[in-house]
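What the coordinates show
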Amino acid sequence: MADRATFIAGVTAGLGRTEVLLPSSITETASFEDASAAKAKADKAATDASERSNELADQMAEEATKAGWKVHRASNSEDAASYVASICVQKKATSVLRSNHDALDQIGVDAAVTNTGATLEKTEHSGDYSQDQIEVSKSKAFSADIGITGVDYAIAETGTVVLHPRSGLSRLVSLAPPTHIAVLRSGEVLDSLDELFAMERNDFMSGELAGSMNLISGPSKTADIEGTTVTGIHGPLEVHLVILADS
Amino acid sequence: MKPLTVNFRSKAAMTLADAQIQQSIEHVYTGFYKGRLTAAGDTPDWEDLRTKGKAIKDHTIAHLDYYLGLLADNVEKNGGSVFFADDAEEARRHIIDLAHKRKIKTVIKSKSMVSEEMGLAEAMNDEGFETVETDLGEYIIQLANETPYHLIAPAVHKSRADVAKLLDDDYKDGDRVPDATELTMMAREKLRGVFERADMSVTGVNFAVAESGSIALVTNEGNGRMSTTVPRVHVAVMGMEKIIPSIQDLSTMLRILIRSATGQRISTYVTMVNGKRRPEEEEGPEEFHLVILNNGRQKLLEDPQMRESLNCIRCGACLNACPVYRKVGGHAYGWVYPGPIGAIVTPVLTGLKDADNLPAASSLCGACHDVCPVKINIPRMLLELRYRTAEGSTDKDERTSSATERGIWKAWRMGMMGRRRFDIGSRIASIALKPLSRNGWLTKVPPPISGWTSTRDFPAISMSSLKSRLRKRNEGSK
């Protein structure tokens, strides 16, 4: 087997050199920008998101619709809660999973869901998880009818919802159930992928990079049979985006 | 995977004669090619993005040794392990050993061209692991026991009836053909069960970020997300060139990759993974392994003429744009990578001797260069490989032209390079070919020129040269 040193020495030789040369800075990649530059970019993205929140929410609604989200613009918390409840009724949901996002508490999602007769569970745990416990939470996710989350960010350019899995936000809640509802608050929408990855790089430079990140733009889909687009192959068949107006 | 490049002509002829496949592969043009045009047109800074993408890849490849080291350090820092494999066999052996050690039963694979290089799914099935391709197209191909037809759309050549036969044991010819939605739902049902019981996943890598040890996966179906969530062991496999330096570079690279691949502005899912499950998470893999493969890429790296091909981000745009690929199909190219990029990568990786038809299978129209998101000059490299097969190489495994052929061209060159020799040569040719010409055209000529005249006419060589006619005219006017 090739050990790392031999492998890399082979590459160095392939490049016509005898030792690894430190790359000199170019402007096209961000890798030479230091922590303060990364922070400045991330701060600007955050300011932008709050200053242009209305405009970005409008663009998000438009692009998300194009991406296949069923968008509902809620004028207040009650409106948002009753929309979520109506989806539960429509899907005849008996078991619903939710993430631990403030937005969901703000709209009172627990009452809204349980009033429809469905059971609601938060994807959250404390302490070390054993493999058995992991299996239990996996099978819960696979048998749930609906998964409800907030968003960590949204991206107006592409109609994308961004989630960083963590305690209180399982990887499966937005993936395994056939229906996913995401609740978005004004001010959470970034302009484009540039701003998102500026935020990510700043998190990385300050040692706070999340374990993983999912960008979700519409329902799961495939065009592998005769080029015909079909929604719902491995992930949700239907995705709803509730955009809550400023209160 | 064993290269079958030597069969290019016969495979191409089979595809050309198959009306159903001809119709099916047209989708790469009407769907992907036109989608890409629209998406690129809608992106105001498209050319700047391509320029930036090329600069990022040029820089990374020029310092590949440095970035490989940085990537490995950071993957390990995130709690993952890194395995460097010189060739496909080594990588395959490592993954199979790992699966045995972890007592794995079910392996889910998401789409990865590098794992096709390894013939991984087949090898793992032979070792007794239930190994299932989870990208719908790959799943269909696996059931049919074939190889992918296209980088992005592996089963593009299959009709609904073909798919129905593969998914439903009870389906017979003459039954109503299910629509694409019904077929997709059948596959969803079958694969859901597999996801739930999977204990190991093998995914590819669209981009590996050196500074943070992250990998990014682009999918529409969600199988990439399942693979990075459900099984307790996640193995990601990548060719050693798939690196970018910074997290921030992902915004550029994702934009150009996805638009070029399917014409979407973003895929349904983009997943970035920085190692294994964090302790506070409810699910996620307990182990993360990154396998970095060389498998002949060294030859591309060492060769200044061919190094640029390592910039490839495997979007498939050059396939969709290629008038030859769209007719001869993906299987003709005989190895993992078809189309224009395959025609330069495959001969170098698997040997030019058996693959000398691949660089020749191009009209050099340049469409592949025009659409490449990282501006790889594919036609230049096709010409370079043609030159090597014809005369430019002294290695007999590269130079496939016969001594006779080279002799003929050498004589031709000599004849063309001297005025007197040219005059005498064309005089002889015009006299020799005169009996064969009909109304000023040569329509049927014996070999070797028959190769030309079997499909198109050739103008007969005039009995008097332009020079002699001009001389005559000038004399007349004096």
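Looking now at the overall build of chain A. On a plain count of helices and strands, chain A comes out with eight helices and 12 strands. Expressed as a percentage of its 247 residues, the buried residues of chain A come to 49%. If you take every contact in chain A between residues at least 6 apart in sequence, the share linking residues at least 24 apart comes to 78%.

Once that is clear, we can look at the overall build of chain B. Scanning chain B from terminus to terminus reveals 24 helices and 13 strands. When each of the 478 residues of chain B is scored for burial, the buried share is 51%. Across chain B, the fraction of contacts at a sequence separation of at least 24, relative to all contacts at a separation of at least 6, is 73%.

Turning to its location among the elements, glycine 79 of chain B is positioned in the loop between α5 (64-77) and β1 (81-85). When neighbours within four sequence positions are excluded, glycine 79 of chain B is seen to be in contact with Gly275, Lys276 and Phe288 of chain B.

With that settled, the discussion passes to the interface of chain A and chain B. Each partner contributes to the interface: chain A provides 66 residues, whereas chain B provides 76 residues. Among the elements of the structure, α1 (4-14), α7 (131-143), α8 (193-205), β9 (212-216) and β10 (221-222) of chain A are those that each provide at least two residues to the side of chain A that touches chain B. By residue class, the composition of the side of chain A that touches chain B is 29 nonpolar, 25 polar and 12 charged. Relative to strand β9 (residues 269-273) of chain B, β9 of chain A runs antiparallel, the two being bridged by five bridges.

The next thing to look at is the pairing of β9 of chain A. All names here are of chain A. A large share of β9 lies buried, amounting to five of its five residues. Because side chains alternate across β9, one face comprises the buried residues Ser212, Asn214 and Ile216, and the other comprises Met213 and Leu215, equally buried. One ladder, built from three bridges, connects strand β6 (residues 160-163) with β9; its direction is antiparallel. Bridged to valine 162 within β9 is leucine 215.

What follows concerns the domain arrangement of chain B. All names here are of chain B. The domain boundaries assigned to chain B delineate domain 1 (1-42 + 316-401), domain 2 (56-297) and domain 3 (419-477). Counting only elements with at least two residues in the side of domain 1 that touches domain 2, the list comes to α2 (19-25), α3 (27-41) and α15 (317-321). Counting residues per element, the side of domain 1 that touches domain 2 draws most heavily on α3, at eight residues.

All names here are of chain B. A sheet is described by the order of its strands in space; here three strands give the open sequence β11-β12-β13, paired in antiparallel fashion. A strand with exactly one partner marks an edge of an open sheet, and here the two such strands are β11 (437-438) and β13 (458-459). Pairing of strand β12 (residues 441-442) with β13, which is carried by two bridges, proceeds in the antiparallel orientation. The partner of leucine 442 across the bridge, within β13, is phenylalanine 458.

Each strand in a sheet pairs with its neighbour through backbone hydrogen bonds, running either in the same direction (parallel) or in the opposite one (antiparallel). With mixed pairing, eight strands are arranged side by side in an open sheet as β8(A)-β5(A)-β6(A)-β9(A)-β9(B)-β6(B)-β5(B)-β8(B). If you trace the sheet from one side to the other, it starts and ends with β8 (189-190) of chain A together with β8 (243-244) of chain B, each paired once. Looking at chain direction, strand β5 (residues 207-209) of chain B and strand β6 (residues 214-219) of chain B are connected through three bridges and run antiparallel. Paired with valine 209 of chain B across the strands is serine 214 of chain B, a residue of β6 of chain B.

Turning our attention to the packing of α3 of chain B against helix α13 (residues 249-262) of chain B. A pair of packed helices is characterised by two quantities: the angle between their axes and the separation of those axes. All names here are of chain B. Where α3 contacts α13, the two axes come as close as 6 Å, and the packing angle between them is 140°. Taken together, α3 and α13 sit at an angle that is classed as oblique. Mapping the contact onto sequence places Phe32, Gly35, Arg36, Ala39 and Ala40 in α3 and Arg259, Ser260 and Thr262 in α13. Its residues placed into classes, the contact of α3 with α13 shows three nonpolar, three polar and two charged.

Residue and element names in this part refer to chain B. Most of strand β7 (residues 233-239) is tucked away, with seven of its seven residues classed as buried. Burial along β7 is two-sided: Val233, Val235, Val237 and Gly239 facing one way and His234, Ala236 and Met238 facing the other are all buried. Across four bridges, strand β4 (residues 200-203) lies against β7 in parallel orientation. Within β7, the residue paired with serine 201 across the bridge is histidine 234.

Before going further, it helps to examine the packing of helix α4 (residues 46-62) of chain B against α13 of chain B. Residues and elements named next belong to chain B. Closest axis-to-axis distance for the α4/α13 pair is 10 Å, and the angle between their directions is 120°. Between α4 and α13, the interaxial angle falls into the category oblique. In this structure, α4 meets α13 at a crossing whose hand is left-handed. Residue-level inspection shows Leu49, Arg50, Lys52, Gly53 and Ile56 of α4 in contact with α13, the latter providing Asp249, Thr252, Met253, Arg255 and Ile256. Counted by class, the contact of α4 with α13 contains four nonpolar, two polar and four charged residues.

So, how was this worked out
- Residues numbered from 1 in each chain as written.
- Chains lettered and ligands numbered in written order.
- Predicted model: local features only at pLDDT ≥ 70, side-chain atom pairs only at ≥ 80, totals over all residues.
- Helix = DSSP H or I, 4+ residues; strand = E, 2+ residues; numbered from the N terminus.
- Buried ≥ 20, exposed ≤ 12 C-beta atoms within 10 Å, placed from the backbone.
- Contact = placed C-beta atoms within 7 Å.
- Nonpolar A, V, L, I, M, F, W, Y, C, P; charged D, E, K, R; others polar.
- Pairing = 2+ DSSP bridges.
- Domains from an automatic or database assignment.
- Axes fitted to C-alpha atoms, helices over the stretch in contact; angles between N-to-C directions.
- Parallel < 35°, antiparallel > 145°, perpendicular 65-115°, else oblique.
- Left-handed = near helix turned anticlockwise from the far one by under 90°.

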